[in-house]
Amino acid sequence: LILMSKSNDVDIVREVSSALNCLSSEDENKEEISYRAISTLISLLMSGDTDVERHSCCALANLLEMTDIHARFLEERGVPPLVSLCSSPDMPCRIEASRAIANLSSIPDLIDTLIQEKALGPLVKSLEQDGDNCRFAALALANFSTHAPSLFKIQSAGAIPHLVSLVSGVDNNAEVRRYA
């Protein structure tokens, strides 16, 4: 799969990213995929193809459910392209990128890194544009808010009005309201 991900045929690369996405959803595969393919998945985040980027985001979000993988992801410089995809024109890709950021932000020591990599702006934008689909952006901000030094930065990024809107919207998804 890793060798095939280097193909010039976008259909093959789409299938590879889809396969890695499917494989990464099973806990028993996550460690091996992260060991063998995390740099490949990170490079696929920058492929320019919506399907490839979406599947790669999803695969990485699946892998980042395991906190043991976070350090390797940071070493491979995966945060910048992931943050970039939080602003993707493709909503499912934005959602998966936000889910990956939410998984990373579950570790308080990584919140400063995520803020330095400019994750706040795209997450706040997701609150504004994605309606009930912003649950992972709201979760990431909920995680950020547990880190006292980031509170002013969250407020400065303009998150508060959007969070209040999510909480007070009676038609909003209960999970989104809880995270907000």
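Everything below is about the structure shown above.
Parameters and conventions
Residues numbered from 1 in each chain as written. Predicted model: local features only at pLDDT ≥ 70, side-chain atom pairs only at ≥ 80, totals over all residues. Heavy atoms only, no water. Helix = DSSP H or I, 4+ residues; strand = E, 2+ residues; numbered from the N terminus. Buried < 20%, exposed > 50% of the residue type's maximum accessible area, 1.4 Å probe, protein only. Areas by Shrake-Rupley, 256 points an atom, 1.4 Å probe, with all protein chains shown as cover. Lys, Arg positive; Asp, Glu negative; His and termini not counted. Charge placed at Lys NZ, Arg CZ, Asp CG, Glu CD. Polar contact = N/O pair within 3.5 Å; in protein donor to acceptor, adjacent residues only side chain to side chain. Contact = heavy atoms within 4.5 Å. Salt bridge = Lys/Arg side-chain N within 4 Å of Asp/Glu carboxyl O. Axes fitted to C-alpha atoms, helices over the stretch in contact; angles between N-to-C directions. Left-handed = near helix turned anticlockwise from the far one by under 90°. Nonpolar A, V, L, I, M, F, W, Y, C, P; charged D, E, K, R; others polar. Parallel < 35°, antiparallel > 145°, perpendicular 65-115°, else oblique. Patch = residues over 30% accessible without salt bridge, like charges linked within 9 Å, V, L, I, M, F, W, Y side chains within 5 Å.

Engineer: For this particular structure, what's the right way to read the overall build of the protein chain?
Structural biologist: When helices and strands are tallied, the protein chain shows 12 helices and 0 strands. Each helix and strand of the protein chain, placed in order from N terminus to C terminus, yields the pattern α-α-α-α-α-α-α-α-α-α-α-α. Its C-alpha atoms give the protein chain principal-axis dimensions of about 50 × 30 × 25 Å. Each of the 180 residues in the protein chain was classed as buried or not, and the buried ones make up 47%. For the protein chain, the exposed surface amounts to about 8700 Å²; the carbon and sulfur share of it is 52%. Of the charged side chains in the protein chain, 15 are positive and 25 negative; the average position of the first set lies 5 Å away from that of the second.

Engineer: Would you explain the side chain of Asn62 in this entry?
Structural biologist: Locating Asn62 in the fold gives a position in helix H3 (residues 50-63). Here Arg99 takes part through its side chain, which lies 2.9 Å from a polar atom of the side chain of Asn62. Non-local contacts of Asn62, meaning those with residues more than four positions away in its chain, are made with Asn21, Ser24, Ser25, Lys30 and Arg99.

Engineer: Help me understand the pattern of salt bridges in this model?
Structural biologist: When the charged atoms of two side chains lie near each other, side chains of opposite charge can form a pair. For the structure on display, the rule yields 14 salt bridges. The closest approach of N and O atoms between Arg135 and Glu175, which form a salt bridge, is 3.6 Å. Of the two residues, Arg135 is situated in helix H9 (residues 135-144) and Glu175 in helix H12 (residues 174-179); the sequence distance between them amounts to 40 residues. Using a relative accessible area of 24% as the deciding quantity, one classes Arg135 as partly exposed. Given the relative accessible area of 32%, Glu175 is considered partly exposed. Members of the salt-bridge network, linked through shared partners, are Asp11, Arg14, Asp49, Asp51, Arg54 and Asp90.

Engineer: Would you take a moment to explain the packing of helix H8 (residues 120-129) against helix H11 (residues 159-168) for this structure?
Structural biologist: For any two helices packed against each other, one specifies the crossing angle of their axes together with the interaxial distance. One way to put it is that H8 packs onto H11 with a least axis distance of 9 Å and a crossing angle of 35°. The handedness of the crossing between H8 and H11 comes out as left-handed. Between H8, through Val124, Leu127 and Glu128, and H11, the contact on the second element is made entirely by Ala159, His162, Leu163 and Leu166. Tallied by class, residues from the contact of H8 with H11 come to 5 nonpolar, 1 polar and 1 charged.

Engineer: Would you mind showing me how to read the packing of H8 against H9 here?
Structural biologist: Packing of H8 against H9 brings their axes to within 9 Å, and their N-to-C directions diverge by 130°. Classified by the interaxial angle, the pair formed by H8 and H9 is oblique. The two elements H8 and H9 cross, and the hand of that crossing is left-handed. Each of Leu120, Leu123, Val124, Ser126 and Leu127 in H8 lies in contact with H9, whose residues at this interface are Ala137, Ala138, Ala140, Leu141 and Phe144.

Engineer: Explain the environment of Ser43 here, please?
Structural biologist: Looking at the secondary structure, you find Ser43 in helix H2 (residues 27-44). Taking the C-alpha atoms as reference, Ser43 lies 20 Å from Met91; in sequence the two are 48 residues apart.

Engineer: Explain a nonpolar patch on the surface to me, please; I cannot follow it from the model alone.
Structural biologist: A cluster of nonpolar side chains, namely Leu1, Met4, Ile12 and Leu23, defines an oily patch on the protein surface of about 310 Å² accessible area. According to the relative accessible area criterion, Met4 is partly exposed, its value standing at 44%.

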